Amino acid sequence: MTDRTHLGDVPPDWLAASTSLAQATRELVEAVALSDADATVLDEARSEVAALTERLRATARPHALRPGPADLAALRAADAGSIVVRPTNPGAVPLEISVRADTAEATWTAGPVHEGPPGSLHGGTSASLLDSVLGTLVQVRGTPAVTGTLTVRYRRRVPLGVPLTVSAALGERDGRRLPVTGRIEAGGEVCVEAEALFVAVER
Ligand SMILES: CCCCCCCCCC(=O)SCCNC(=O)CCNC(=O)[C@H](O)C(C)(C)COP(=O)(O)OP(=O)(O)OC[C@H]1O[C@@H](n2cnc3c(N)ncnc32)[C@H](O)[C@@H]1OP(=O)(O)O
């Protein structure tokens, strides 16, 4: 499996197992972040986690799986569809991003791991969510591109524990410049707005 770098290249049963393990690991991260167990229990847990880490490290590939050219081309060929980004990476927020024409949208509910101000989402996580959804729209509708600038306006705090809608709209391409706007909404209210300029690259 170590030569496979794209989500579309792996067998469906393996993808399901890896996605499920990644989700269980995110739940572990939350349990660690919130745990009030005594030091003995924490030390036992550390030993068990370390043993699992060793087992999985023995078969590590150089990069985490990501959507590849074939996954993007299939979606690009259709007028509408969805793509799941980073489902097997427990260190990332997994998103199912729906793309229709020049717009994209994803829904995600934030938990305590991503808390910034009390009860609210960390601003860096908001920026990261926007970069992911805007960036995916650009890759699907444009060409390979990287974020040149990302300007984020935090209008109101983003609540934890409720569904958030992250959306993006592609502007008019100007040479290598691809402008994209986006927002994060909760309960129908706009919490964060973003303006980005992606720059087309060879790969
Ligand atoms: C499904 C796939 C999932 C993907 C989703 C996730 C997407 C996440 C996206 C990211 O987070 S990417 C990571 C963060 N970004 C970077 O690491 C980019 C690092 N910077 C670079 O690689 C280069 O600086 C860059 C490619 C942006 C520009 O270098 P170049 O030497 O290729 O371009 P050049 O300087 O010739 O500029 C080309 C055009 O872009 C403009 N430009 C360049 N950098 C810019 C910038 N930073 N902001 C605004 N405009 C910029 C520049 O003015 C110029 O405009 P004109 O053609 O009109 O003259």
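Data block above holds the structure.
Keep in mind it's a predicted model, so treat the numbers as computed, not measured.

Caption draft 1: Highlighting the site of the ligand. Near the ligand, the surroundings consist of 16 residues, among which Asp131, Thr147, Gly148, Arg176 and Arg177 are the closest. Contacts to the ligand include Arg176, whose side-chain N or O atom sits 2.7 Å from an oxygen atom. Arg177 has a polar side-chain atom sitting 2.8 Å from an oxygen atom of the ligand. Here the ligand has 1,200 Å² of accessible area as a free molecule, and 48% of this is covered by the chains. If you tally residues by element for the shell around the ligand, the top one is helix α4 (residues 123-141), at 5 residues. Counted by class, the shell around the ligand contains 6 nonpolar, 7 polar and 3 charged residues.

Caption draft 2: Representation of a nonpolar patch on the surface in the model. A surface patch of nonpolar side chains, amounting to about 240 Å² of accessible area, comprises Leu28, Val32 and Val49. Within the fold, Val32 resides in helix α1 (residues 12-34).

Caption draft 3: View of the environment of Ala92. By the secondary structure assignment, Ala92 is in the loop between β1 (80-85) and β2 (95-100). Exposure remark for Ala92: the relative accessible area of 10% places this residue in the buried category. Sequence-wise, Ala92 and Thr40 are 52 residues apart; in three dimensions their C-alpha atoms are separated by 29 Å. Every residue in contact with Ala92, bar those within four places of it in the chain, is listed here: Arg26 and Arg86.

The rules behind these values
Residues numbered from 1 in each chain as written. Predicted model: local features only at pLDDT ≥ 70, side-chain atom pairs only at ≥ 80, totals over all residues. Heavy atoms only, no water. Near = heavy atom within 4 Å. Polar contact = N/O pair within 3.5 Å; in protein donor to acceptor, adjacent residues only side chain to side chain. Areas by Shrake-Rupley, 256 points an atom, 1.4 Å probe, with all protein chains shown as cover. Helix = DSSP H or I, 4+ residues; strand = E, 2+ residues; numbered from the N terminus. Nonpolar A, V, L, I, M, F, W, Y, C, P; charged D, E, K, R; others polar. Patch = residues over 30% accessible without salt bridge, like charges linked within 9 Å, V, L, I, M, F, W, Y side chains within 5 Å. Salt bridge = Lys/Arg side-chain N within 4 Å of Asp/Glu carboxyl O. Buried < 20%, exposed > 50% of the residue type's maximum accessible area, 1.4 Å probe, protein only. Contact = heavy atoms within 4.5 Å.

So far we have only geometry, and geometry alone does not tell us how the molecule works.
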